[in-house]
Amino acid sequence: MKNVKNRSGNLHLWQSRNFSKDSECLSNQAATHLNNIAQISAEVADHGISANFASYILEKEKNDYARIIDGMLHLGSCFKSAKEQLALNQKKKIQLSSPQGPSSKKSLGSRPRNPCFSKFVPPSTKDKDLPSSSMATKRTASNENRTNDNEVDPKLKGIEPQLIELVLSEIMDHGPPIEWEDIAGLEFAKATIKEIVIWPMLRPDIFTGLRGPPKGILLFGPPGTGKTLIGKCIANQSGATFFSISASSLTSKWIGQAEKMVRALFAVASLHQPAVIFIDEIDSLLCQRSDSEHESSRRIKTEFFVQLDGATTSAEDRILVVGATNRPHEIDEAARRRLVKRLYIPLPDDGAREQIITKLMEQQPCEMLKSDILSVVKRTDGYSGADVANLCKDAALGPIRSLQSVDISRISKDDVRAINVQDFEKSLQRVKASVSAKDLALYEEWNNIFGCGTLQLF
Ligand code: ADP
């Protein structure tokens, strides 16, 4: 018995030396990012930085924060398996050394919780520090769910509260809601989505039977063409709760937790109906089966299908799964079948690029004529929407770069000149198209075989 206690004590010591330190460090990092987010919001309120720039850095802060939360979860799961291992060892030891197992078990059960584990701070509890209204929305969602959790909703039975919190922290409510006008071009995709998804979600009483909405759609095409924007817009237009998750984070960061995460995700979504579950890089979750496939990824895939089929069998459930991928040809046939509507989201055409540039330039002092913008449009043929946005961001720094030796911390805002076409000329040398012609040919080929078509093909 003494040995068991010693070993337990040693493990605690070892854990506090290793995990607690890491956990504390992660907590501090998370707090820093939350603080940064609060500062960015304050800057926007004071007009210190543009909304566009703010949304860019907020996105980065959000991603860094998410990574830290993942790290915390990983620490938690490491500790949990160590704890389980310890309990197993102790059980074996007790069986060998003492016939009075049950009383020994009782003393083990009353061990205090390890501080490392209690340091895991679910993101939603930290949200109260944030001033942004979007975070307030998230807090409401979390509390709502907690109430449900307290009532032990049958849908959440058997799901770890930590995972529920984590899923809630994935609810995408950052920044302003996306409207159709925010998405340049893509008229065919927008019209199709309105018809097959938005109207049925808004009027489930009319869209029944044959007119029933698909439960899964796939948006495929080059990176940076607006797939995520469309996912957000679907949720906003249909009044749905938007869950956004990157499949690669499921398979890489949450190994061991991924199946449970998938289950938790669908369970929470079913409590927040209508819901849109947006799965970015869905190919990494639903890639084609192979002999070399790892057992764990096979299990995640199976769990995903079980959940997707479960969510799609009930006519009342209003959960839409939107998968997005840059590699449609890598998707499993079974997944392809389930994601019944497959929409090609192509590179922006001239009109769409003009819209993106015009809209972004409206947010800053800009002295470009329409003809200047059209010349930039011409020269950005083959750029994705994200490439065009990056080009505009780079050009927007032109006036700052031209200040050269001036002390930036002292100048007045009025001293910064308007953006002009020469800034774009220089930026065009730096920011190039990120999608190759070869890749485009592959998307178009896949679209011809499996897609629902695009406006460009008509
Ligand atoms: P994807 O999900 O296809 O990789 P996103 O939807 O995340 O791409 O778009 C990335 C960024 O590129 C957006 O935040 C936006 O600035 C810009 N963008 C891409 N496509 C469009 C579009 N059609 N209209 C407006 N902006 C776009």
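Residues numbered from 1 in each chain as written. Predicted model: local features only at pLDDT ≥ 70, side-chain atom pairs only at ≥ 80, totals over all residues. Heavy atoms only, no water.

To continue, consider a nonpolar patch on the surface. Taken together, the side chains of Leu397, Ile400 and Ile408 present a nonpolar region at the surface, about 260 Å² in accessible area. Here isoleucine 400 shows up in helix α17 (residues 398–401). (Patch = residues over 30% accessible without salt bridge, like charges linked within 9 Å, V, L, I, M, F, W, Y side chains within 5 Å. Areas by Shrake-Rupley, 256 points an atom, 1.4 Å probe, with all protein chains shown as cover. Salt bridge = Lys/Arg side-chain N within 4 Å of Asp/Glu carboxyl O. Helix = DSSP H or I, 4+ residues; strand = E, 2+ residues; numbered from the N terminus.)

A few words now on helix α11 (residues 258–271). Between its first and last C-alpha atoms α11 spans 20 Å; for 14 residues at 1.5 Å apiece the expected length is 20 Å, and the two agree. For α11, the tally of buried residues reaches 12 of 14 residues, placing the bulk of the element in the interior. Within α11, the full set of buried residues consists of Ala258, Glu259, Met261, Val262, Ala264, Leu265, Phe266, Ala267, Val268, Ala269, Ser270 and Leu271. (Expected span 1.5 Å × (residues − 1). Buried < 20%, exposed > 50% of the residue type's maximum accessible area, 1.4 Å probe, protein only.)

What follows deals with the nonpolar core. The biggest cluster of nonpolar side chains holds 45 residues, and the ones touching the most others in it are Phe243, Ile277, Ile279, Ile282, Leu285, Phe304 and Val321. When residues in this core are grouped by element, the largest group, 10 residues, is from α11. Once residues lying within four places of it in the same chain are set aside, the contact partners of valine 321 are Lys215, Gly216, Ile217, Phe266, Ile277, Ile279, Phe304, Leu308 and Leu339. By size, the runner-up hydrophobic cluster in this structure holds 26 residues, among which are Ile178, Phe278, Ala324 and Leu343. (Core = buried A, V, L, I, M, F, W, Y, C linked by side-chain atoms within 4.5 Å. Contact = heavy atoms within 4.5 Å.)

Within strand β3 (residues 275–280), 5 of the 6 residues are buried, which leaves it mostly tucked inside the rest of the structure. The pairing of strand β2 (residues 241–246) with β3 spans 6 bridges and is classified as parallel. Residue phenylalanine 243 lies in a different strand from β3, and its bridge partner there is isoleucine 277. Taken together, the 5 bridges between β3 and strand β4 (residues 319–325) define a ladder with parallel strand orientation. (Pairing = 2+ DSSP bridges.)

Where helix α15 (residues 370–379) contacts helix α18 (residues 421–430), the axes come no closer than 10 Å and their chain directions differ by 10°. By the angle between their directions, the pair α15 and α18 is classed as roughly parallel. Residue-level inspection shows Asp372, Ser375, Val376 and Arg379 of α15 in contact with α18, the latter providing Val421, Phe424, Glu425, Leu428 and Gln429. By residue class, the composition of the contact of α15 with α18 is 4 nonpolar, 2 polar and 3 charged. (Axes fitted to C-alpha atoms, helices over the stretch in contact; angles between N-to-C directions. Parallel < 35°, antiparallel > 145°, perpendicular 65-115°, else oblique. Nonpolar A, V, L, I, M, F, W, Y, C, P; charged D, E, K, R; others polar.)

All right, on to the site of the ligand then. Around the ligand, 15 residues are found, and the nearest of them are Ala184, Gly224, Thr225, Lys227 and Thr228. Lysine 227 places a side-chain nitrogen or oxygen 2.9 Å from an oxygen atom of the ligand. When the ligand is considered free in solution it has 560 Å² of accessible area, and contact with the protein chains removes 75% of it. Counting residues per element, the ones that place at least two in the shell around the ligand are α9 (227–237) and α16 (385–396). For the shell around the ligand, the per-class residue count stands at 8 nonpolar, 5 polar and 2 charged. (Near = heavy atom within 4 Å. Polar contact = N/O pair within 3.5 Å; in protein donor to acceptor, adjacent residues only side chain to side chain.)

With parallel pairing, 5 strands are arranged side by side in an open sheet as β2-β3-β4-β1-β5. The outermost strands of the open sheet, each flanked by one partner alone, are β2 and β5 (341–344). Sheet twist, expressed as the average angle between the axes of neighbouring strands with direction ignored, equals 20°. In the sheet, strand β1 (residues 216–220) pairs with β5 via 4 bridges, with the strands oriented parallel. Following the sheet pairing, phenylalanine 220 is matched in β5 by tyrosine 344. Along the sheet face, helix α8 (residues 187–202) touches β1, β3, β4 and β5 and points at about 150° away from the line of β5. Most of the contacts of helix α19 (residues 437–450) go to β5, to which it runs at about 150°, and overall it touches β1 and β5.

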